[in-house]
Amino acid sequence: MRKKIIGLYPGSFDPVTNGHLDISFRASKLCDILYVAVVTNPKKQSFFSLEDRIEFLKRNFQGKSHIRVSSFNGLLVNYAKKIKASIIFRGLRAVSDFEYEFQMALINRTLFQKIETVFLVPSEKYVFLSSSAVKEVAQLGGNIKNFVPPKIVQYIKKKTKNTVSVTKPLHF
Ligand code: COA
C-alpha cells in the first residue's frame, strides 16, 4: 500500500483570509492529509486568541475530513516530524514574499533534510490580501466580506468593534 502523503500548511491565521483558504484547498489536493496548523508565535503578538484562530479555520473545513486543523509551538520542523509531514506548503503572493519564504525553506531543510517546501500561487483575486489589512479595515468599520470567509465575517466585526480610538480630524 502507498504511504500516505501528509502535508502541513502553517501560519498565524490572525485571522484566516480567503487567500489562506485558497492555498489550503489547493494544498489539500496535493496530499492525502493536510494539517492547517496555527502557530503560537512568541515573536508576533496575535490579535485573535489561539482558540478563535482555530475556530475560524474549523468552521471553514467542516466536512473535509482530509483537512485537519491543529496548532503548534516551537520549531516548525519538529512539528512536521511529529505529524510525519513530508511537505510544508506556503503561499507566494508576490515577489516581496519570496526572500523571507526562501530563507525559511532553506532553514527548515537544513534542520530536517526530509522536509520539502512547496510554494503555491493563490488566485489572483487574493494576492493583495493580508491578515493585517483585514484587521485594519474591520477596526475602521470597513466591509470585509470580500476578504474573509462568510462564516466568520460577523464574528470578526464583533471582535474588532471599538478596538481603536479614532481621533477626530482637525478642520482649519
Ligand atoms: N493570503 C492572505 N494572506 C497571506 C497569504 C495568503 N495566501 N499568505 C501569507 N499571508 C499573509 C498573512 O496574512 C500574514 O499577514 P500579516 O503579516 O498581515 O499578519 C503574512 O502573510 C505572513 O503570515 P503567515 O503566513 O501566517 O506567516 P508567519 O510569518 O506569521 O508564520 C510560520 C510563518 C508559522 C511558518 C513561521 O513563523 C514558523 O515556522 N514559525 C515556527 C518557528 C520556526 O520553526 N522557525 C524557524 C524557521 S525560520
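Residues numbered from 1 in each chain as written. Predicted model: local features only at pLDDT ≥ 70, side-chain atom pairs only at ≥ 80, totals over all residues. Heavy atoms only, no water.

**Q** So what exactly am I meant to see when it comes to the site of the ligand here?
**A** Surrounding the ligand, one finds 24 residues, the nearest of these being Ser12, Leu76, Tyr100, Ser131 and Ser132. Contact between the ligand and Arg90: an oxygen atom at 3.2 Å from a side-chain N or O atom of the residue. In this structure, Arg93 approaches the ligand through a side-chain N or O atom, which is 3.1 Å from an oxygen atom. In isolation the ligand offers 960 Å² of accessible surface; the protein chains occlude 84% of this area. One can see that the ligand is located within the largest pocket. Elements with a contribution of two residues or more to the shell around the ligand: β1 (6–11), α1 (18–28), α4 (95–111) and α5 (131–139). (Near = heavy atom within 4 Å. Polar contact = N/O pair within 3.5 Å; in protein donor to acceptor, adjacent residues only side chain to side chain. Areas by Shrake-Rupley, 256 points an atom, 1.4 Å probe, with all protein chains shown as cover. 1 Å grid on protein atoms, 1.4 Å probe; cavity = no way out; pocket = protein on both sides within 12 Å on 5 of 7 lines; lining within 4 Å. Sits in = over half its atoms within 2 Å of the grid points. Helix = DSSP H or I, 4+ residues; strand = E, 2+ residues; numbered from the N terminus.)

**Q** Would you take a moment to explain helix α3 (residues 76–83) for this structure?
**A** Given 3.6 residues per turn, any residue in an α-helix points the same way as the ones three and four places further on. Those residues of α3 that sit buried are Leu76, Val77, Tyr79, Ala80 and Ile83. Within α3, the buried residues cover an arc of 160° as seen down the axis, which keeps them to one side. Lining the buried residues of α3 we find β1, β2 (33–39), β3 (67–72), β4 (87–91) and α4. Once α3 finishes, Lys84 follows within two positions and takes phi at roughly 65°, a positive value. (Buried < 20%, exposed > 50% of the residue type's maximum accessible area, 1.4 Å probe, protein only. Arc of directions from axis to C-beta. Contact = heavy atoms within 4.5 Å.)

**Q** Just to check I follow, could you spell out the packing of helix α2 (residues 50–60) against helix α6 (residues 150–160) for this structure?
**A** When two helices pack together, you describe them by how their axes are tilted relative to each other and by the distance separating the axes. Look at α2 against α6: their axes get within 9 Å of each other, and the N-to-C directions meet at 160°. As summarised for this structure, α2 and α6 are arranged roughly antiparallel, according to the angle between their axes. When you trace α2 past α6, the crossing you get is right-handed. For the pair α2 and α6, contact is made by Asp52, Phe56, Arg59 and Asn60 and by Lys151, Ile152, Tyr155, Ile156 and Lys159, respectively. A breakdown of the residues in the contact of α2 with α6 according to their chemical character gives four nonpolar, one polar and four charged. (Axes fitted to C-alpha atoms, helices over the stretch in contact; angles between N-to-C directions. Parallel < 35°, antiparallel > 145°, perpendicular 65-115°, else oblique. Left-handed = near helix turned anticlockwise from the far one by under 90°. Nonpolar A, V, L, I, M, F, W, Y, C, P; charged D, E, K, R; others polar.)

**Q** It is not clear to me how the packing of aromatic side chains should be interpreted in this structure. Could you clarify?
**A** The description of two aromatic rings rests on the distance between their centres and on the angle between their planes. Using the criterion set out here, one finds eight aromatic pairs in the structure. Ring centres of Phe25 and Phe61 lie 5.5 Å apart, and the angle between their planes is 80°; on these two criteria the pair is classed as edge-to-face. With Phe25 in helix α1 and Phe61 in the loop between α2 and β3, this pair connects stretches of sequence that are 36 residues apart. What makes Phe61 buried here is its relative accessible area of 4%. A connected cluster of aromatic rings, assembled from ring pairs, spans Phe47, Phe48, Phe56 and Tyr155. The cationic tip of Arg59 hangs over the ring face of Tyr155; the distance from NZ or CZ to the ring centre is 5.6 Å. (Phe/Tyr/Trp six-rings, centres within 6.5 Å; stacked < 30°, edge-to-face > 60°. Lys NZ or Arg CZ within 6 Å of the ring centre and 35° of its normal.)

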